[in-house]
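# Structural features, examined
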Amino acid sequence: MTKKPHNSVHGRRFLAYLVLILMSFLCLVWFYILFINATRSNGELSRGFTVVPGGNLAKNFAGMLHSTQPVVRGMLNSVLVSGLSAILCTYFSTMTAYAIHAYRFKGRKAMYTLILAIMMIPTQVTALGFIQLLTKMKLMDSYVGLIVPSIAAPATFFYLKQYMDSVLSISLIEAARMDGAGEFYTFNKIVIPLMKPAIAVQAIFTFVTSWNNYFTPSLVLKTETKKTLPVLIAELRSADFLKFDMGIVYMTIAFSIFPVIIVYLLLSKYIVGGVQLGGVKE
């Protein structure tokens, strides 16, 4: 009788590990395929996929650097736009969540509902009005037109508000006020450190979303040297048939992934630290 629960625990653990291994494989196999294809020539790719890397890694990398599109400049442009978008979006979304969480004012619930309702509006629906607004403000072909609108992110606000409800008590804010702390001091020195795990998660999501964004930059940016990497990759894929090289395209896509991996590695410690902190509190 005592062996059955023990065997049941081992069975559930084995099933959990099996599911995790399967999910990890499904997540990582596409990266493996991408990196393998980045080492193969256009002719080898046309013959189908193989699990063995090719010998065209250096040639594809050189072809990417000397392609008609300024790929390296495009990566720097994407880093600038995505980095500033992630920083400003998470900071001001946290500030908005703090205002809704900490203050009691008329119309608070209506404002919260309105922000959530905006989440339902697709970007494509507002694209025409957005372009007209940027044209009137003379922000077309400018990074400002990409970075500033990213501050208003209802999904980021919603996640941070939910996290704030669980970790930030009103009594802590009131205690800081009684000690003479100003509102900005309370927000920057007390709220931000408590919100680091949630901010790290949303910074990763915002960075990746901005990094992969093709629709808005393709509408706003016109100068070749200002274009972000997704726009340049799309132009590379639509190049003339005689100049088209799928190996260079795969190399460019693989090259574009590394900044995202670096951002995740830099912020992952805050995510793990937040999970451990939550476990200790419980």
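Look a little higher up for the structure.
Residues numbered from 1 in each chain as written. Predicted model: local features only at pLDDT ≥ 70, side-chain atom pairs only at ≥ 80, totals over all residues. Heavy atoms only, no water.

On to the overall build of the protein chain, then. Secondary structure assignment for the protein chain yields 14 helices and zero strands. Counting from the amino terminus, the protein chain carries its helices and strands in the arrangement α-α-α-α-α-α-α-α-α-α-α-α-α-α. Along the longest, intermediate and shortest principal axes, the C-alpha atoms of the protein chain span 75 × 70 × 30 Å. Of the roughly 17,400 Å² that the protein chain leaves accessible, carbon and sulfur atoms contribute 70%. (Helix = DSSP H or I, 4+ residues; strand = E, 2+ residues; numbered from the N terminus. Areas by Shrake-Rupley, 256 points an atom, 1.4 Å probe, with all protein chains shown as cover.)

Burial of nonpolar side chains together is a common tendency in soluble globular proteins. Residues M64, F207, W211, L229 and L267 are the most contacted members of the largest nonpolar core, which totals 25 residues. Elements with a contribution of two residues or more to this core: helix 4 (71–102), helix 11 (196–212), helix 13 (229–237) and helix 14 (246–281). The greatest single-element share of this core, amounting to 10 residues, is contributed by helix 14. Excluding its chain neighbours within four sequence positions, the residues that come into contact with M64 are V71, I248, M251, T252 and F255. If you look at the next biggest cluster of nonpolar residues, it comprises 16 residues, including F157, L168, V191 and I192. (Core = buried A, V, L, I, M, F, W, Y, C linked by side-chain atoms within 4.5 Å. Buried < 20%, exposed > 50% of the residue type's maximum accessible area, 1.4 Å probe, protein only. Contact = heavy atoms within 4.5 Å.)

Moving on: the packing of aromatic side chains. Summed over all chains, the structure comprises eight aromatic pairs. A centroid spacing of 6.0 Å and a plane angle of 80° characterise the contact between Y98 and Y103, whose relative ring orientation is edge-to-face. Judged by relative accessible area, which is 30%, Y103 ranks as partly exposed. Taken together, the aromatic side chains of Y91, F92, Y98, Y103 and F187 make up a single cluster linked through ring pairs. It is K161 that lies over the ring of Y112; its NZ or CZ is 5.6 Å from the centre. (Phe/Tyr/Trp six-rings, centres within 6.5 Å; stacked < 30°, edge-to-face > 60°. Lys NZ or Arg CZ within 6 Å of the ring centre and 35° of its normal.)

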